[in-house]
Amino acid sequence: MFQQVCRKTVRIHKMFGKAIGATAITILAALAATASAVDAHRVKFPISRPNIRPIPHNSGRHQPPSPPRTKKCSVTALGGGKDDGPQILDAFRRCNHGGTVVLDCAYTIGTALDLTFLDSVDVALSGSITFTNDIDYWVANAFQYNFQTSRAFWRLGGKDVNFYGGGVGVIDGQGQAWWDAFAKNSSLLRPISLVLDGLQGGSVSGIHMTNPPNWFNLIANSSDILVSDMVLTAKSANSNPVKNSDGWDTYRSDHVVIQNSVIDNTDDCVSFKPNSTNVVVQGLKCNGSHGISVGSLGQYLGEYDIVENVYIYNNTMSNASDAARIKVWPGVHSDFEPILSGGGGSGYVKNVTYERYESINNDWAIEVNQCYGQSNETLCELYPSNMTISDIYFIDMWGTTSSKYDPDVGTLVCSSPQVSF
């Protein structure tokens, strides 16, 4: 080991008890134990690709093989807050087609990085990556996605990519500067901390992600992805709240497993966006979020959205607005938030199962809403959702809810009986 240091509405009556379970303590303990991982300095030591597998459930097929890597490319941090982006990009080019990019120092990235050309590459992050808080630069240069006007600092794609942190690697989005700016400008488009875009076969594991300006992760246009053993933490240091901070959003992706991770955030723990199929979420401990959510769907007129074959197994949700949630837009345009509006899209949600799910002090244990983004129920009845919802299963759920909606623990908002089965 090296010792060198680098630089509508049906109510479900309340049946849950009032006791707060020990799981909440477990979550807080896990978060506290990982707080020390956020450190400006790192002790260099080698980490190797972990032997992770989808356990106990996979997405319906096995992960594709990933051969050993045969070369390494290390990157020396420039230090002093200088932009390491160009030399990190160079290392990916040099180690493409069978190599490992070694990131074992404290790096600063101030350049948008397009890494969608990767083929058989590992990324060993035992150091830290911090994105600059140069808002003007990122507003002008972050990668743009039409879906929900998403933006990205960087994006990884290609085939056979494994990104691992060995439990010590850190990605810091420096979200505080963005949340402060958003408090003054609610139309500010903020970047996502990590985007997998067009990745066919790969994994992300063992990384502590902190304070994303927007979502933590987006998995888009990808297949055969395994995410495991992550710690995600978003906390504001002042009165300006964390904004969004979804743990993972899946979009136009197939065969994805997200497992065995701890998430402390303020929005969806996991969200299945349009055309997410064959997804497993298991072994998560989520705190403070908006639940493990299907949607939102049907946002865009002319688009056909599908979420199908999703299995959510053995998870814990604490202190959230929802535990299990399905949200689809009505058949009429609705202005929900300054940068979030829509409705009129079509499609379906089918074969979604929540099983073995513990609720601790959540406002709703179950919420199904076909009028998302529209508070006028009359409009929803006049213009019902074009999204059908069928074959939804809630199995073996237990725990507590908050007093917010006493004595109810669940809500079903159906815009029309013709689109719910």
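Look a little higher up for the structure.
Residues numbered from 1 in each chain as written. Predicted model: local features only at pLDDT ≥ 70, side-chain atom pairs only at ≥ 80, totals over all residues. Heavy atoms only, no water.

Caption draft 1: Representation of the state of the cysteines in the model. Across all of its chains, the model carries 3 disulfides by this definition. Here Cys-73 pairs with Cys-95 through a disulfide, and the sulfurs are 2.3 Å apart. Looking along the S-S bond of the Cys-73-Cys-95 disulfide, the torsion reads about 95 degrees, which is the right-handed sense. With a gap of 22 residues between them, Cys-73 in strand S4 (residues 71-74) and Cys-95 in the loop between helix H2 (85-94) and strand S5 (99-103) connect regions that are remote in the sequence. Across a sulfur-sulfur distance of 2.1 Å, Cys-269 and Cys-286 are joined as a disulfide pair. Residues Cys-269 and Cys-286 share a disulfide whose torsion about the S-S bond is about -65 degrees; that sign makes it left-handed. In this pair, Cys-269 is assigned in the loop between strand S19 (262-264) and strand S20 (270-272) and Cys-286 in strand S22 (residues 285-287), connecting sequence segments 17 residues apart. A relative accessible area of 0% places Cys-269 in the buried class. Given a relative accessible area of 0%, Cys-286 falls into the buried group. (Disulfide = S-S within 2.5 Å. Helix = DSSP H or I, 4+ residues; strand = E, 2+ residues; numbered from the N terminus. Buried < 20%, exposed > 50% of the residue type's maximum accessible area, 1.4 Å probe, protein only.)

Caption draft 2: View of helix H4 (residues 175-182). Considered for burial, the residues of H4 that qualify are Gly-175, Gln-176, Trp-178, Trp-179 and Phe-182. With its buried residues spanning 165 degrees around the axis, H4 presents them on a single face. Buried residues belonging to H4 abut helix H3 (135-141) and strand S12 (191-192). (Arc of directions from axis to C-beta. Contact = heavy atoms within 4.5 Å.)

Caption draft 3: Structural context of the pattern of salt bridges. Counted under the stated rule, the structure contains 14 salt bridges. Ionic pairing is found between Lys-235 and Asp-264, a salt bridge with its closest N-O pair at 3.1 Å. Taken together, the residues Lys-235 in the loop between strand S16 (231-233) and strand S17 (248-251) and Asp-264 in strand S19 connect sequence positions 29 residues apart. Judged by its relative accessible area of 48%, Lys-235 falls in the partly exposed class. Each of Asp-268, Asp-322, Arg-325, Lys-327 and Glu-367 takes part in a single network of salt bridges with overlapping partners. (Salt bridge = Lys/Arg side-chain N within 4 Å of Asp/Glu carboxyl O.)

Caption draft 4: Spatial organisation of the nonpolar core. Core analysis: the biggest nonpolar cluster contains 91 residues, and Trp-154, Phe-163, Phe-272 and Ile-292 have the highest contact counts within it. A total of 7 residues in this core trace back to one element, the largest contributor, which is strand S13 (residues 194-210). If we skip the residues at most four places from it in the chain, Phe-163 touches Val-123, Leu-125, Trp-154, Leu-156, Ile-171, Leu-194, Ser-203, Val-204, Ser-205 and Ile-207. (Core = buried A, V, L, I, M, F, W, Y, C linked by side-chain atoms within 4.5 Å.)

Caption draft 5: Region of the structure containing the side chain of Ser-296. Relative to the elements of secondary structure, Ser-296 occurs in strand S23 (residues 292-297). On the basis of relative accessibility, which here comes to 3%, the residue Ser-296 falls in the buried class. Within the structure, the side chain of Ser-296 is placed 3.1 Å from the side chain of Trp-329, a separation counted as a polar contact. Once you skip the residues sitting within four places of it in the chain, Ser-296 turns out to touch Gln-148, Ser-271, Lys-273, Pro-274, Lys-327, Trp-329 and Tyr-372. (Polar contact = N/O pair within 3.5 Å; in protein donor to acceptor, adjacent residues only side chain to side chain.)

Caption draft 6: Local environment of the sheet that holds strand S10 (residues 150-152). Taking strand neighbours across the sheet as the criterion, the 3 strands line up as S9-S10-S12 in an open arrangement whose pairing is mixed. Bordering the open sheet on either side are strand S9 (143-145) and S12, each of which pairs with just one other strand. In terms of strand pairing, S10 meets S12 through 2 bridges, oriented parallel. What sits directly across from Ala-152, in S12, is Ile-192. (Pairing = 2+ DSSP bridges.)

Caption draft 7: Structural context of the environment of Asn-265. Inspection of the secondary structure assignment puts Asn-265 in the loop between S19 and S20. C-alpha separation for the pair Asn-265 and Lys-235, spaced 30 residues apart in sequence, amounts to 7.4 Å. With sequence-adjacent residues up to four places away left out, Asn-265 is seen in contact with Phe-216, Ser-245, Asp-246, Gly-247, Asn-287, Gly-288 and Ser-289. In this structure the side chain of Asn-265 is engaged in a polar contact, spanning 2.7 Å, whose partner is the backbone oxygen of Ser-245. At 3.2 Å, the side chain of Asn-265 and the backbone oxygen of Asp-268 are in polar contact.

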